[in-house]
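Summary of the model geometry
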Amino acid sequence: MTFAVEAKRPPGEALLDGLGLPSEPGRFYTQLGRTGLRVSRLALGTVNFGGRVEELESHRLMDHALARGINFVDTANMYGWRVHKGYTEEVIGRWLAASPSRRDDVVLATKVGNEMGPGPNERGLSARHIVAACEASLRRLGTDWIDLYQMHLADHTSSWDEVWQAMEQLVGQGKVRYVGSSNFAGWNLAAAQETARQRHFLGVVSEQCGYNLVTRFPELEVLPAAQAYGIAVYVWSPLHGGLLSGVLRKLAEGTAVKSAQGRAVPALEEWRDTIAEYERFCREIGREPAEAGLSWVLSRPGVTGVVIGPRTEEHVDGAIDALGAPLSEAETARLDALFPPAGRGGPAPQAWMSS
């Protein structure tokens, strides 16, 4: 197969040649599922913006990511809750407003569904809340359209006909380009797509799910369902909240930040011996644990890309290094032995917090 040379390369892609980064089709940029939209395989997650990363530093991180070729920015209407819900969208909106061309350079994704206020209709996927939440996100982001509007979680009290009616309205008005999902089960994806097909609507084009060496149950149903329906999969928490980023070394050095809190804390008690072996393995092959963990996720069948949640420019650069340096077959086999999938010695599926 040959690829035609494009007249205009995506923002940042021209930089990749000089930086020695992967620029051939399907390596750094890829299509979002069955759409023609081209996105970087690394999405800049913004959950840390507001509370963990101050606004000025958030803007510098977005500048750096865009300059390194990352054109996909992911957020949610509830992010920034440490300040107030919606704060992160406001931070991104001020960054977009600082440069007239920036909005055209960025594929912008946000989410709807989580609780935004005390009222009974300020959450979920009712048509009323979807439309109202979209309009509120547009105001905070200071933009006329959202490229990817994602359902943050499934709402079993709202029918798919109601959900798609609202999404069709937003797409028809030009406020939304594509619809995605997050934290869906395989059967949620199937139900959503079959209803969308009956309505002659594109439906879900991407799914965000938690997936990493410790949490492998998406391999059972979510990844196969996504592949069957042509749905892109972007992975959140690819390092399990820092558990796979060298947590034992960082705790010993006193440098642990994210890995010393959240979901990584109880997981470390359960997985300590395996994590110790994992960190020894990474030293043997000369890879940083975070880089090895990201490389593993990026190589998995059905995975389109990962959502990274950096706090520093070095975190962004490390993720790019992981994308450009895949693990060998022998190294992957060693990790499969350390972290077996569900049904072959690995843990059974379990509920855990959404992104």
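So, a few notes on the structure that sits alongside this text. These numbers come from a predicted model, not from an experiment. (Residues numbered from 1 in each chain as written. Predicted model: local features only at pLDDT ≥ 70, side-chain atom pairs only at ≥ 80, totals over all residues. Heavy atoms only, no water.)

Examining the side chain of T143
Mapped onto the elements of the fold, T143 is located in the loop between helix 5 (127–141) and strand 6 (146–151). Side-chain polar atoms of T143 contact the side chain of R103, separated by 2.9 Å. A polar side-chain atom of T143 sits 3.3 Å from the main-chain carbonyl oxygen of W145. Apart from the residues lying within four places of it in its own chain, the contact partners of T143 are R103, L108 and L138. (Helix = DSSP H or I, 4+ residues; strand = E, 2+ residues; numbered from the N terminus. Polar contact = N/O pair within 3.5 Å; in protein donor to acceptor, adjacent residues only side chain to side chain. Contact = heavy atoms within 4.5 Å.)

Observations regarding the nonpolar core
Formed by 87 residues in total, the largest nonpolar core has its most connected members in Y149, M151, W164 and M167. Per element, the largest residue contribution to this core is 8 residues, and it comes from helix 10 (residues 264–285). Formed by 12 residues, the second largest nonpolar core is a distinct cluster that contains A43, L148, A232 and Y234. (Core = buried A, V, L, I, M, F, W, Y, C linked by side-chain atoms within 4.5 Å. Buried < 20%, exposed > 50% of the residue type's maximum accessible area, 1.4 Å probe, protein only.)

Describing unusual backbone geometry
One non-glycine residue, N183, adopts positive backbone phi at about 65 degrees. Within the element layout of this structure, N183 appears in the loop between strand 7 (176–182) and helix 7 (186–198). The phi torsion at H200 lies on the positive side, around 60 degrees, for a residue other than glycine. Residue position: H200 is located in the loop between helix 7 and strand 8 (204–210).

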